[in-house]
Amino acid sequence: MAFDDWMVSHFEPGAGVQSGAAGRESAKGDWLPVKLPGDIHEALFAAGAIPDYHGEGGEEACKWIADREWWWRHRFDADAARSGERLTLVFHGLDTFATIYLNGTEIGQSSNMFLGKEIDVTDALVAGPNILAIRFDPVPLRLGDREALDWPGLGTGARLSRRNLVRKAQFGWGWDWGPCLPTVGVWQPVELRRQRIAAIDALQFRTLAIHADGGADIRVDAEIEALGDEGELALAIEVRNPAGALILSHTSSIADGRGHLAAALANAELWWTADLGAQPLYRVTATLMAGGERIDRTELRVGIRTIELDTSPDPDEPGTSFFRFVLNGRPIFAKGACWIPAHSLVGVLTRDHYRPLIEASARGGMNMLRIWGGGIYEHDAFYDLCDEQGVLVWQDFMFACALYPEDDADFNASVAAEAAWQIRRLRHHPSIALWCGNNENQFIQSFVNEATGQDTPVLGALFYDDIIPQQVAKLDPATPYWPGSPFGGPHANSMKAGDLHNWTVWHGLPSVPDDRSTSAVDRSPEGVAYQRYAEDMGRFISEFGIQASPVMETLRRSVPADQLTLKSPAMENRIKDNPKNKVDAMIEPVTGLPTTIGDYVDFTQIAQAEGLKFGIEHYRRRKPHCSGTLIWQLNDCWPGVSWSLLDFYGFAKAGYHYVRRVYAPLLASFKPLDDGSVELWITNDRAGHASGELTVALLDMREGEGGATLWSETVQHYAVPDNGSQPVWSGAAERIGADPSRVLIVRAKDDAFPANRLFFAAIKDLVRNKMAQPQAEFRQVSPNEVEVTLTAPAYLYFVQMLLSSESAIVSDNYFDMAAGEQQTIRIIDPARPLHAEDIVVRSC
């Protein structure tokens, strides 16, 4: 029985019980309906009690919510427990300091948003109507006078918010990309379970080995909880293939509370990431029997795959080691992004929120998402979709940018229980590739130690080095564990080993080639330039990014019309990073500074797109020495200005389309050399040898030249081995004649890779016809699909199709066109009708 419909109200702290909020009778106060999935903020907004929490002034208007005592009440009818039956209330997520009452009697407490709570209510439940009430206390009240530690002078905000003393989503108190909107209440399902004799407490599926003959060894383990004198128990385990056919059936006896199946499968259908193969999903069903009667049943949807983390020495770069994922025995280059909660109000998230974002990730060539440690362990639908779409998940535990106390036994026990709860919940997903201890805590401590000359362990290491890895080793030993992100080498952000976060670009942080920083923080245009990605010899880049405005449609929806101007208070409020003009150092050398809001959208998106393209090309050329890039960040929790590729509503920035092209399985990229010559590299992530024919050409972009081809050369047979990256062509400096009016382009004869180009000057300094615009012809294919044929009268830069519907899917966008070139673009909007007049075509 699931409890979806609730009534909520608020009181002065301590006043709810006196007002009857815990009891069976009608309680005093104004009560509002909330339906799960849902949130108090949404209920208050619907009732007109607060303005739009994501709108202008929303944060300030909602501050009072965190200071009130909130009550959630649910009335339900139930039958009394039958003989030998146990009734359990299961709370999958309570946010955060909760006291639980049933029919006026306190039955339990919870203080960890990420840890479920199970309460035996066999004797407390009554036949007929029951009242379940939950009191949520304000966080400051429950913390009392406890002080939170922070690194001196760094301003993470932890000392003020005391977020690191609470097992609660850390981003709720605000981050440099999101608002301060701490949530409160029931954020995960609540259910009543009726069980008798015995119950399946946990079910685990593992792929033990994959064989060259196409077979695989698998194992299914079940933990059984006896509720009394269980008598004769048996566990029937079935495995069905992706087509639904029964392929394994086994009945296991129960010994020491456990049953299992170990089997060898012939012709196993392996689960792969989307860039390497299919995502066949098997179903495992465990049915617990007592005396021939079914008493419990659990089902998992699983994939057959193995995952390893290779950190062995890199023989070609002495003194370094690999950091690469190995899927089904194949080393892969992880191409993806970091994920933050898709909404400030995490309780409202559903499959409908997740689906377009994860599908866009897969369409964008991504094979991995990193769930960042300042958010939440996502809802089940997120992981289901990653399983379906072939996207691996790097799962941080929920610790981020803070010092966490180790001297509180209750806190430590809660963290251990949280880790166990989440591992058991998620371990069966084939998408889970890594458990990671935290976000940036060792990273920050390394820089602090360097500045102070100390070698102090980070406060919280007890969790990352002991408590959490113990739970992983016990509950999911087949999945790799990593203590933090970044971590590895003599400095947590070293290029020698492990993963690193590159915040030289954008934030101006010094790089760490070995064990020490190379310089001080440098936020000048030269210090933050995206060309500095080329200095990075890291093994795996798990964060890097450039901030950009969302599309104009998003700004129109979220910023009052009279403030839709540069540096207006409302626009400044959409930027949570400080200083607010930090972007100027990034874009001034690329595009120049904007004078209008339209310029701001274009210029920031250009800088982000060109910068990410440059960085990813560099990192991918370095494979296998570099084996992954995870962009900060994929998505947004509100309509703001951030590093995201997809904004809050789901509109793709230009950077998304640039990344989609440079994340293609086969990549052609130009590498300028110090002597003025240029190499063309082919990077092959495909399963198998890559070969074909390509053409390199040098064009003149000047208006009078009309995009003339200065020369063209055909490489009749390039060849790159499976998982290889190497140069296939080079051009001498005198032949190329680097000039702001010229562009070097490459195309594959069979379109095996996306076309690419190399400019010889900053975007603002290119000599080209900036007034030229594409000619467009539209064809209505269906009520929801339009085909756009574009023709370029001159060399066109940043050709784009803009729409006001976030559900529209554009086959390609934000690209260049050579003079005389034609391209046909397909636009589909599955949610609403689409017409030619809905599409704006332009270039910059």
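Everything below is about the structure shown above.
Residues numbered from 1 in each chain as written. Predicted model: local features only at pLDDT ≥ 70, side-chain atom pairs only at ≥ 80, totals over all residues. Heavy atoms only, no water.

## A look at the overall build of the chain
Looking only at helices and strands, one finds 16 helices and 45 strands in the chain. On C-alpha atoms alone, the chain measures out to a radius of gyration of 28 Å, which is about the 28 Å that the 2.2 N^0.38 rule sets for 844 residues. In terms of its C-alpha atoms, the chain occupies a principal-axis envelope of roughly 90 × 65 × 65 Å. Here the chain holds 844 residues, and the buried ones make up 60% of them. Total accessible area computed for the chain in this model is approximately 31400 Å², and 49% of it derives from carbon and sulfur atoms. Of note, the chain has its 76 positive side-chain charges centred 1 Å away from the centre of its 112 negative side-chain charges. (Helix = DSSP H or I, 4+ residues; strand = E, 2+ residues; numbered from the N terminus. Rg over C-alpha atoms; globule rule 2.2 N^0.38 Å. Buried < 20%, exposed > 50% of the residue type's maximum accessible area, 1.4 Å probe, protein only. Areas by Shrake-Rupley, 256 points an atom, 1.4 Å probe, with all protein chains shown as cover. Lys, Arg positive; Asp, Glu negative; His and termini not counted. Charge placed at Lys NZ, Arg CZ, Asp CG, Glu CD.)

## Digging into empty space enclosed by the protein
All chains considered together, the criterion is met by 4 cavities of 30 Å³ or more. Of the voids in this model, the largest cavity is the one considered here, and its volume is about 80 Å³. Of all the secondary-structure elements, those providing two or more residues to the lining of the largest cavity are helix H8 (441-452) and strand S29 (500-502). Top contributing element to the lining of the largest cavity by residue count: S29, with 3 residues. Looking at the lining of the largest cavity, its residues break down into 8 nonpolar, 5 polar and 1 charged. Here the second largest cavity is characterised by a volume of approximately 50 Å³. Classifying every residue of the lining of the second largest cavity by side-chain character gives 6 nonpolar, 4 polar and 2 charged. (1 Å grid on protein atoms, 1.4 Å probe; cavity = no way out; pocket = protein on both sides within 12 Å on 5 of 7 lines; lining within 4 Å. Points joined across faces, edges and corners; volume = space filled by probe spheres on them. Nonpolar A, V, L, I, M, F, W, Y, C, P; charged D, E, K, R; others polar.)

## Brief notes about helix H9 (residues 461-475)
Counted at 1.5 Å a residue, the expected span for H9 with its 15 residues is 21 Å, and the 20 Å between its end C-alpha atoms agrees. Of all the bends found along H9, the most pronounced is centred on Pro469 and spans about 35°. The inward-facing, buried residues of H9 contact strand S14 (198-210), helix H7 (409-426), strand S27 (432-436), H8 and strand S28 (481-482). (Expected span 1.5 Å × (residues − 1). Bend = angle between axes of the 7 residues up to and from the residue. Contact = heavy atoms within 4.5 Å.)

## Brief notes about the sheet that holds strand S13 (residues 190-196)
Strands belonging to one sheet form pairs held by backbone hydrogen bonds; the direction of such a pair is parallel or antiparallel. Across the sheet, 3 strands lie side by side as S8-S4-S13; this open sheet has antiparallel pairing. The two strands at the open ends of the sheet, each matched to only one other strand, are strand S8 (117-120) and S13. The average angle at which neighbouring strand axes cross in this sheet is 25°, direction not considered. Strand direction decides the pairing type here: strand S4 (residues 85-91) and S13, joined by 7 bridges, are antiparallel. Its bridge partner lying in S13, Arg86 is registered against Gln195. (Pairing = 2+ DSSP bridges. Axes fitted to C-alpha atoms, helices over the stretch in contact; angles between N-to-C directions.)

## Structural notes on the sheet that holds strand S1 (residues 5-11)
Pairing is antiparallel in the open sheet, where 6 strands are placed in the order S2-S1-S3-S9-S6-S7. A single partner strand is all that each edge strand has here, and the edge strands are strand S2 (32-35) and strand S7 (105-110). Adjacent strand axes in the sheet meet at a mean angle of 30°, parallel and antiparallel pairs treated alike. Of the pairings in the sheet, the one linking S1 to strand S3 (residues 69-78) comprises 5 bridges and is antiparallel in character. Note on S3: the bridge partner recorded for Phe11 is Glu69.

## Thoughts on the packing of H7 against H9
The contact between H7 and H9 brings their axes to 9 Å, and the two run at 35°. In this structure, H7 crosses over H9, and the sense of that crossing is right-handed. Contacts between H7 and H9 involve Phe411, Asn412, Val415, Ala416, Ala419, Ala420, Ile423 and Arg424 from the former and Leu462, Phe463, Ile467, Ile468, Gln471, Val472 and Leu475 from the latter. Within the contact of H7 with H9, the residues separate by chemical class into 12 nonpolar, 2 polar and 1 charged. (Left-handed = near helix turned anticlockwise from the far one by under 90°.)

Keep in mind that these numbers describe shape and distance, not what the molecule does.
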